[in-house]
Amino acid sequence: QLSLFRLTMKRLSSTSHSSVDSKELKKFQLLAHKWWDEEGEYSALHSMNDIRVPFIRDTLLNMSSNYHLGNPLSGVKILDVGCGGGLLSEPLGRLGASVTGIDPLEDNIRTADQHKSFDPVLAKRIQYKSSSLEEIVEECMETFDVIVASEVVEHVGDLEMFIKCCSQVLKPGGSLFITTINKTQLSYVLGIVVAEKIMGIVPEGTHEWEKFVPPEELESLLESNGFSVKTVNGMLYNPLSGSWSWMESTSINYAMHAVKSGVQGQSRPPGTLSEVESEQQPSATAGTAL
């Protein structure tokens, strides 16, 4: 059954049917050298680390019985899908995680590799690959404890296939973290008209409103593909201060945490609790400062 799945995935990824959208790749190709310019086109992603990194860290710590002082994510294997220049991979690596960052754009991986090389600790903990998610499925079935897909799902060509692939490479009981943009009139006005056309926070043409994903749709796709959605938090970007904060409303940006259902007889990631146990734990203090 496993080899049949791999063969099917190979056929899917070798045909034009893939979760990677070639039009999207061309947009990001032009900006591949700009990832680490904190005042540049990716400044909002740099400041998003202030809330998305603690959200991932605290959620995982609340599910874990092991705690390594100084390296809280030690022993956790993370796949960062659509890692770009490594803006999220690096802080996760600094928390002790073993990170594999994948991106279909070779120029992004080159930038990420070069930046990682300045820090010998990160050089050991992070591995980057120019690869699609489908290609990773073939070699990494149920390998990872955690998948992060931050600001990625609004750019993929086939969302259901993307989620199926995430499930295939996650261990039973593993966590999936997604941040993305809701599909509302407000997100169109703020995310495209204001952010791209008026303020130039992100380059014009970065987003297509038609590809934005409502949380209800994402939740439904996750639930029908063997995930249990645990948390949905609204996020707000303040362009004047350049900072992010949590809010109740998910009408613009939001973050989601889902857990892959554990199968009886299969092991869970090291130190993680079962769904029943984790529900009895206090919820993550999402906004804790780093």
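Residues numbered from 1 in each chain as written. Predicted model: local features only at pLDDT ≥ 70, side-chain atom pairs only at ≥ 80, totals over all residues. Heavy atoms only, no water.

The protein carries the name COQ3 protein in an unreviewed UniProt entry, which gives Hemiprocne comata as its organism.

Here strand β6 (residues 227–238) runs beside strand β8 (residues 253–260); their pairing, made up of eight bridges, is antiparallel. If you follow G234 over to β8, its bridge partner there is Y254. Two strands pair when backbone bridges link them, and β6 and strand β7 (residues 243–247) are joined in this way by five bridges, in the antiparallel orientation. Bridged to N238 within β7 is S243. (Pairing = 2+ DSSP bridges. Helix = DSSP H or I, 4+ residues; strand = E, 2+ residues; numbered from the N terminus.)

Before going further, it helps to examine the packing of aromatic side chains. Counting across every chain of the model gives five aromatic pairs. Ring geometry for F55 against F177: centres 5.7 Å apart, planes inclined by 85°, an arrangement best described as edge-to-face. Of this pair, F55 sits in helix α3 (residues 43–62) while F177 is found in strand β5 (residues 170–181), placing the two residues 122 residues apart along the sequence. For F55, a relative accessible area of 3% translates into the label buried. The exposure class of F177 is buried, given its relative accessible area of 3%. (Phe/Tyr/Trp six-rings, centres within 6.5 Å; stacked < 30°, edge-to-face > 60°. Buried < 20%, exposed > 50% of the residue type's maximum accessible area, 1.4 Å probe, protein only.)

What follows concerns the confidence of the model for the protein. Here the protein averages 84 in pLDDT, while 84% of its residues score no lower than 70. Counted against residues more than four places away or in other chains, residues 1–16, with its pLDDT under 50, gives 16 contacts. Taken together, the stretch residues 264–290 has pLDDT below 50 and engages in 55 contacts with residues farther than four places along the chain or on a different chain. (pLDDT = per-residue confidence, 0-100. Contact = heavy atoms within 4.5 Å.)

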